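Each chain is listed here by its residues.
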Amino acid sequence: MKKLFISSMIAIIGLTGYAQNSTPEGTVDKEPNRLNFNVGLETSHLWRGLIINSSMTITGDIHYAVDKIQNFSVGIWGGNGFDGKYTEVNYYIQYKHKGLTLGFWDLFNTTNVAHPEVFNYDKNATTHLIDFRSSYRFADQFPLRIEADIILYGNDRELDHNLNYKNRYSTYVELGYPLIKNDQITLDSYIGAGFSLNGKSNLYNTNTDQSFNIVNAGLKASKNISILQYKLPAYAGIMWNPAEKYTRMQLGVSLF
């Protein structure tokens, strides 16, 4: 696994370097590019305390800034597992200003779905999740980060007493704070809870007897690493899910 991770990074870095070296000299952008994309590599894909994919995963994000000051953006985020089992494509619209981020995401994970239908938004059959995301990071003097996300629609259902499906409005709230932050490395800590606004269970826990659970806690160390002549943002993190009683170590790198 480790050799595969390193060799994959080196191969993609080489392609990135070729693309960078092929840029015409003397080219000066008068305005920052509105269209951009990023590619990342991670040993597993974790999300809000859930193990979405336990194997090596490559992720991509292509986004376009709608306005000149680039506060509003639309984009597509995707992830694919190296083993071919995990596939996800998400669409989003997002607003960022200083420490505030607001967004609407359409999540479409087709893993273990026999017949995925990308355009099926029927409330009783869709496998999409419409997710509202919000977060705020305070100023550097007190860099606390608060996140609150709500599943507004989709495959987040529960049977009521009349045996009809109802939306649970599963909600995730997280607090994060950097324990160490300097020029060499950052160590972030976080803790997150999942609960339902309209049901006995929630998306983030398999226990149907409890609506509120601590589902995500951990530490994440980030720094730039040098490979060949490039410096790449990399991270190593440990995640615990007290509700599900498991833990995972995760390594990742942002390739470009």
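Here the structure is shown first, and the text comes after it.
Residue numbers here run from 1 along each chain, matching the order of that chain's written sequence. In keeping with the model being predicted, local features are shown solely for residues with a pLDDT of at least 70 and side-chain atom pairs are shown and tallied solely at 80 or more, while totals for entire chains, interfaces and linings include all residues. In computing side-chain values, all of the structure's heavy atoms are included and hydrogens and water are not.

Visitor: Let's hear about the overall build of the protein chain: which residues, and what values?
Guide: Every helix listed is a DSSP run of H or I at least four residues long, and every strand listed is a run of E at least two residues long, numbered separately from the N terminus. Within the protein chain one finds 1 helix and 16 strands. When a residue's accessible area, from a 1.4 Å probe over protein chains only, is under 20% of the maximum for its type it is buried; when over 50% it is exposed; and in between it is partly exposed. By residue count, 40% of the 256 residues in the protein chain fall in the buried class. Nonlocal contacts in the protein chain, meaning residues at least 24 apart in sequence, comprise 47% of its contacts between residues at least 6 apart. Surface exposure of the protein chain reaches about 15,300 Å², of which carbon and sulfur atoms provide 59%. Residue contacts follow a heavy-atom distance rule, with two residues in contact if any of their heavy atoms lie within 4.5 Å. We get accessible surface area from the Shrake-Rupley algorithm with a probe of 1.4 Å; when it comes to residues, only the shown protein chains can shield them.

Visitor: Account for the pairing of strand β14 (residues 213-227), naming residues and giving values.
Guide: Side-chain direction in a regular strand flips from residue to residue, so the side chains alternate between the two faces of the sheet. Here, any two strands with at least 2 DSSP bridges between them count as paired. Both strand β13 (residues 186-196) and β14 contribute to a ladder of 9 bridges, which runs antiparallel. Across the sheet, the residue bridging to Tyr190 is Gly218, located in β14. In sequence, β14 turns back onto strand β15 (residues 230-241) through a hairpin of 2 residues, with Leu228 there showing a positive phi of about 55°.

Visitor: Help me get a handle on the pattern of salt bridges, residues and values and all.
Guide: Salt bridges, as used here, are contacts in which a Lys or Arg side-chain nitrogen is within 4 Å of a carboxyl oxygen on Asp or Glu. Within the structure shown, the criterion is met by 6 salt bridges. One salt bridge in this structure joins Arg133 and Asp131, with 2.7 Å as the shortest N-O distance. Like Arg133, the residue Asp131 is buried in the burial classification. Of the charged contacts in the structure, one is a salt bridge between Arg145 and Glu174, with a shortest N-O distance of 3.6 Å.

This is a description of form; function is not addressed.
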